[in-house]
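This is what each chain is made of:
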Amino acid sequence: MPTEQALKNRSNSSCEFCTSTNNLSVYPVPPTSDLSAQQSVYLCENCISQIDGKSELDINHWRCLNDSMWNQEPAVQVMSYRMLHKLSAESWAQDALDMIYMEDDVKTWAEQGIAAAEREGPTRDSNGAELNDGDDVTLIKDLKVKGANFTAKQGTLVRGITLTDNPEHIEGKVNGTRIVLVAAYLKKA
C-alpha cells in the first residue's frame, strides 16, 4: 500500500496533530526517513509550514500536541516531542514534556532530530555574528596548524571563506594553505 494511503487510513484522513481535514500531505520525519508510513506523519499545510519555519509559530495552534503526544504511532510521538521541545518556554508545553511517555528507542529518535536541527544552524564567529561564504575573517588567537608546520598568528586576515557542512567550522587560506578553522576562533572582518 502506498505511504499516503496508509497514512490516510491511519489518521482517518485528518492531520495527525490538529485534526484538520484540509490540504493534507505526507511529512517524512527528519533527519532521516525512508518515506514509509512508519517514518512519516500525515499533516495539514498549516502544521507543516510552522514546523519548517516558513510561517510564524502560532502557540495556541500547537495546544493540539496535548492530544497527539499520546498517539500510539512512534512517528507522531517523535514529532509531538520535537514540537513540545521547540515550545518548551511555554508552561503548558513544558508540562506536557514532563508527562510524555515514549519507549527508549522512540525517545532516542526524537532527540536525534533535535540535535540535528541544532547543528544545522548558521555558522557564527566568536561574537555571534553570522558568517557567510565569501566573508573575510580575522583570527582572534594563535592557531597551530596540524600537518603544515606553521602557526597562524592572531590578527591574520582570512579572505573569502567557505562554509562547511559543520556550522562550527569554515575553510580558508592561511599562508597559501587551505585549512579548516574553528569559527569560535574567528571574528568577522
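Caption draft 1: Representation of the packing of aromatic side chains within the structure. Following the criterion strictly, the structure yields one aromatic pair and no others. With a centroid separation of 5.7 Å and 75 degrees between ring planes, the pair formed by Phe17 and Trp62 is classed as edge-to-face. A residue pair is termed long-range when its members are at least 10 positions apart, and Phe17 in the loop between helix H1 (3-11) and strand S1 (24-28) and Trp62 in the loop between helix H2 (45-51) and helix H3 (65-68) qualify at 45 residues. This pair shows no difference in class: Phe17 is buried, exactly as Trp62 is. A cation sits over an aromatic face here: Lys141 above Tyr185, 4.7 Å from the ring centre.

Caption draft 2: Looking closely at helix H4 (residues 74-86). A rise of 1.5 Å per residue sets the reference length of H4, with its 13 residues, at 18 Å; its end C-alpha atoms lie 18 Å apart and thus fit the reference within 8%. In terms of burial, H4 is a largely internal element, 10 of the 13 residues being buried. If you check which residues of H4 are buried, you get Ala75, Val76, Gln77, Val78, Met79, Ser80, Tyr81, Arg82, Met83 and Leu84.

Caption draft 3: Looking closely at the sheet that holds strand S8 (residues 169-174). The sheet built from three strands is open, its strands ordered S7-S8-S9 with antiparallel pairing. In this open sheet, the two strands that pair with only one neighbour each are strand S7 (162-163) and strand S9 (177-182). Strand direction decides the pairing type here: S8 and S9, joined by six bridges, are antiparallel. Residue pairing across strands places Val174 opposite Thr177, the latter belonging to S9.

Conventions used here
Residues numbered from 1 in each chain as written. Predicted model: local features only at pLDDT ≥ 70, side-chain atom pairs only at ≥ 80, totals over all residues. Heavy atoms only, no water. Phe/Tyr/Trp six-rings, centres within 6.5 Å; stacked < 30°, edge-to-face > 60°. Helix = DSSP H or I, 4+ residues; strand = E, 2+ residues; numbered from the N terminus. Buried < 20%, exposed > 50% of the residue type's maximum accessible area, 1.4 Å probe, protein only. Lys NZ or Arg CZ within 6 Å of the ring centre and 35° of its normal. Expected span 1.5 Å × (residues − 1). Pairing = 2+ DSSP bridges.

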